Amino acid sequence: MRKLAICLIIYWVILGFWSIAQGESYLLAPRDVISISIWGGDEFQMKDVTIRPDGRISVPLAGEMEAAGLPADGLSQMVQTALQRYIKNPVVTINIEKYHTTRVYVFGEVAKPGLYEIERQHNVLDAIGIAGGYTKYAAKKKIFIIRKGHTRDEDMIRVNLLQMLNKGDTTQNYSLNEGDVLFITNNGKITFYEDVLPWVTAAFQIKTGFNPVDTYGNSKN
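Just so you know, these numbers come straight off a predicted model, no measurement behind them. (Residues numbered from 1 in each chain as written. Predicted model: local features only at pLDDT ≥ 70, side-chain atom pairs only at ≥ 80, totals over all residues. Heavy atoms only, no water.)

Here we take up the overall build of the chain. When you go through the chain residue by residue, the secondary structure sums to six helices and 10 strands. Residues counted as buried form 43% of the 221 residues belonging to the chain. The long-range share in the chain, meaning contacts at least 24 apart out of those at least 6 apart in sequence, stands at 55%. Accessible surface for the chain amounts to roughly 12100 Å². Of this, 53% is attributable to carbon and sulfur atoms. (Helix = DSSP H or I, 4+ residues; strand = E, 2+ residues; numbered from the N terminus. Buried < 20%, exposed > 50% of the residue type's maximum accessible area, 1.4 Å probe, protein only. Contact = heavy atoms within 4.5 Å. Areas by Shrake-Rupley, 256 points an atom, 1.4 Å probe, with all protein chains shown as cover.)

Quick look at the structure:
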C-alpha cells in the first residue's frame, strides 16, 4: 500500500509538471468546455463552449469547426485563419475551462469501491488512486479491465500492477474508457462468472438497466 502511495505521488507530481510544460499537447475531446477570446476590430468572447459529441463547435463568422483531436493552440490558429476574411489581423485565444470526465467502475480490493468520474487522465493508476488505493488483500498481479459491453471471460484485459510498480512497465497502465470496469481481485482463487461477473452486471444495471447475462448467457461458450 505504501509503495502504491509513493508511486502515485511521484506519478501525479511528474504529470503536473508535464502538464504545465506541455499543456498545448493535450488534444481536445467531446464534452471539454472551452472559452474563445477574439481581438481585432470589435473584441468579443465566447464562454462555456462545450465541444459537441460529434467533436465540433460553432463560431460566429467562422462557422462550424472540428475541435476534437486538436490542441487548443491548433484550434486557435484554425479559428484565426477563418476569421481573417472578416476581421483585420484577428488574435484568437482559446482556454480550456473544464476537461471532460470519464466514468469508470472500480470494484474489488480497493478502499472505496464504486463509480468514479475521472477528469482528463483516466488510466489504471488514476482509477486505483481515486478509489483510495488497493487493500492489503489485493492480488496485484490479477487486476482486470472489463470493457463496456464485453462480459465474457476471454474479453478481460489482465493487468500486472507489480510489473508497473517494480519495473516501471507503463504498458500496464491502460487507458480506461467510458463505462469500463476495473476489478482488483484478492489473493484467493477467483472465477470470472462467480466473482467478477456479478459486479459487472451490477454496473450495467446501475448505468443503463441492461443486464449482460440476458444477452450473453451464463455459459462460457
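Having put the structure on the table, let's press on.
Taking 1.5 Å of rise per residue, the 12 residues of helix H2 (residues 72–83) would be expected to cover 16 Å, and the 17 Å separating its terminal C-alpha atoms lies within 8% of that figure. When H2 is considered as a whole, its buried residues turn out to be Ala72, Leu75, Ser76, Val79, Gln80, Ala82 and Leu83. Buried residues along H2 cover an arc of 160° about the axis, so they all sit on one side. At its buried positions, H2 is contacted by strand S1 (33–39), strand S3 (56–59), strand S4 (63–66) and strand S5 (91–98). (Expected span 1.5 Å × (residues − 1). Arc of directions from axis to C-beta.)

Moving on, we come to the packing of aromatic side chains. Under the definition given, this model contains two aromatic pairs. Ring centres 5.9 Å apart and planes at 35° place the aromatic pair Tyr105 and Phe107 in the tilted group. Taken individually, Tyr105 and Phe107 each receive the classification buried, so the pair is uniform in this respect. (Phe/Tyr/Trp six-rings, centres within 6.5 Å; stacked < 30°, edge-to-face > 60°.)

The next thing to look at is the sheet that holds strand S6 (residues 101–108). Here five strands make up an open sheet; going across it, the order is S7-S6-S10-S8-S9 and the pairing mixed. With partners counted over all chains shown, the strands left at the sheet margins are strand S7 (114–119) and strand S9 (157–159), one partner each. Averaged over all adjacent pairs, the angle separating strand axes in this sheet is 30°, with direction ignored. Bridging between S6 and strand S10 (residues 181–186) involves four bridges; their strand directions are parallel. Across the sheet, residue Phe107 finds its bridge partner in S10, namely Phe183. (Pairing = 2+ DSSP bridges. Axes fitted to C-alpha atoms, helices over the stretch in contact; angles between N-to-C directions.)

On to the nonpolar core, then. Residues Ile34, Ile36, Ile57 and Leu75 are the most contacted members of the largest nonpolar core, which totals 22 residues. Those elements that place two or more of their residues in this core are S1, strand S2 (44–50), S3, H2 and S5. Among the elements that line this core, the one with the most residues is H2, at five residues. Excluding anything up to four places from it in sequence, Ile57 contacts Ile34, Ile36, Val49, Thr50, Ile51, Arg52, Gly63, Glu64, Met65, Ala67 and Leu75. Val104, Val110, Ile118 and Leu125 belong to the second largest nonpolar core, which has 21 residues in total. (Core = buried A, V, L, I, M, F, W, Y, C linked by side-chain atoms within 4.5 Å.)

With that settled, consider the side chain of Ser37. Mapping Ser37 onto the fold places it in strand S1. Residue classification places Ser37 among the buried positions, given a relative accessible area of 7%. A distance of 2.8 Å separates a polar atom in the side chain of Ser37 from a polar atom in the side chain of Gln45. Once residues lying within four places of it in the same chain are set aside, the contact partners of Ser37 are Phe44, Gln45, Val91, Val92 and Thr93. (Polar contact = N/O pair within 3.5 Å; in protein donor to acceptor, adjacent residues only side chain to side chain.)

Positive phi outside glycine occurs at Arg31, with the angle close to 80°. In this structure, Arg31 sits in the loop between helix H1 (2–21) and S1. Of the residues examined, Arg31 reaches a relative accessible area of 44% and is grouped as partly exposed. Backbone geometry at Asn89 places phi at a positive 50°, although glycine is not the residue there.

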